[in-house]
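Residues per chain, in single letters:
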Amino acid sequence: MRIGELAAAVGVTTRTVRHYHHQGLLPEPERLVNGYRDYTLRHAVVLARIRRLTELGLGLAEVRDVLADDTEKELVEILRELDEDLARQEAAIRERRVRLRALLDADELPSEGPVSPELAALFGEMAPLSHSPMAVKDREVLALIETAARPEDRERMLAAVHSLLASPDTVARANEAYALLDDLADASVDDPRIERAARQLADSTPRELLPEAASVDHGSSFLRAFYADFAPAQAEAIRRALRMLTEET
């Protein structure tokens, strides 16, 4: 058989046959005097088996192991591992679908989405807070923290913001802090308003977040990137507020 005839007989492409040759899965046949490969029935049998194994989900390295050690025990072990891996994938897909359904069932997706249903609900509760540019950045940071933080840290973050929203006084202080920081957008780093903004920000920050804040290295690369996202005077106010919180704890 020519390579095209072999490929057609097994239901694959000639490119696939050449790839299996290159990977060492399918032995090279003898060549005729005209240089063409001459495939035998044995090549078709092996190629068909490779197709069946790959359709089950085995990688080419696993197929090579099966072909190299053609025993029932070896194949059973590989198929069992594949079955376990598929079960894990199924569980992960079910979990992702649950999360997607929760997002689709929500009345409105936040602009920072997709986020967890818990954080989306929290963003809904944050409606009394200002929609200033600084408030928007706060929401972005909350979404970042939720993505990168450990589960226990996420729970503490949600609880801390919930505590802020529970009191009209704390909400009012947070809105005042946002307004003061917004006013610093075009200010210089020696603007006298920076100190007041820093004090207001420190006073409106939930103390439940202090353990993490206190352990932050002020010279860390993350904080440098964080401060760079703000205008210079705003960054200075935030830096001073974090220093106040650290010293107070």
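Here's a quick rundown of the structure. (Residues numbered from 1 in each chain as written. Predicted model: local features only at pLDDT ≥ 70, side-chain atom pairs only at ≥ 80, totals over all residues. Heavy atoms only, no water.)

What follows concerns the packing of helix α6 (residues 117-125) against helix α8 (residues 151-165). Helix-helix packing: each pair is described by the crossing angle between the helix axes and the interaxial distance. Put simply, α6 and α8 touch, their axes get as near as 11 Å, and they point 15° apart. By the angle between their axes, α6 is roughly parallel relative to α8. In this structure, α6 crosses over α8, and the sense of that crossing is left-handed. Touching Glu 118, Leu 119, Leu 122 and Glu 125 of α6 are Met 157, Leu 158, Val 161, His 162 and Leu 165, all from α8. Its residues assigned to classes, the contact of α6 with α8 shows six nonpolar, one polar and two charged. (Axes fitted to C-alpha atoms, helices over the stretch in contact; angles between N-to-C directions. Helix = DSSP H or I, 4+ residues; strand = E, 2+ residues; numbered from the N terminus. Parallel < 35°, antiparallel > 145°, perpendicular 65-115°, else oblique. Left-handed = near helix turned anticlockwise from the far one by under 90°. Contact = heavy atoms within 4.5 Å. Nonpolar A, V, L, I, M, F, W, Y, C, P; charged D, E, K, R; others polar.)

This part takes up a negative patch on the surface. Judged by side-chain charge, Glu 62, Asp 65, Asp 69, Glu 77, Glu 81, Asp 83, Glu 84 and Glu 90 come together as a negatively charged surface patch. Of all the elements in the fold, those that place two or more residues in the negative patch are α4 (60-68) and α5 (72-105). Looking at the negative patch element by element, the count peaks at five residues for α5. Position of Glu 77 among the secondary structure elements: in helix α5. (Patch = residues over 30% accessible without salt bridge, like charges linked within 9 Å, V, L, I, M, F, W, Y side chains within 5 Å. Areas by Shrake-Rupley, 256 points an atom, 1.4 Å probe, with all protein chains shown as cover. Salt bridge = Lys/Arg side-chain N within 4 Å of Asp/Glu carboxyl O. Lys, Arg positive; Asp, Glu negative; His and termini not counted. Charge placed at Lys NZ, Arg CZ, Asp CG, Glu CD.)

What follows concerns helix α3 (residues 41-56). Spacing of three or four residues puts side chains on the same side of an α-helix, whose turn is 3.6 residues. Compared with the 22 Å implied by 1.5 Å per residue over 16 residues, the 23 Å span of α3 between its first and last C-alpha is a close match. Every buried residue belonging to α3 is among His 43, Ala 44, Val 46, Leu 47, Arg 49, Ile 50 and Leu 53, and all of these are buried. The positive-phi residue at the C-terminal boundary of α3 is Gly 57, with phi of around 115°. (Expected span 1.5 Å × (residues − 1). Buried < 20%, exposed > 50% of the residue type's maximum accessible area, 1.4 Å probe, protein only.)

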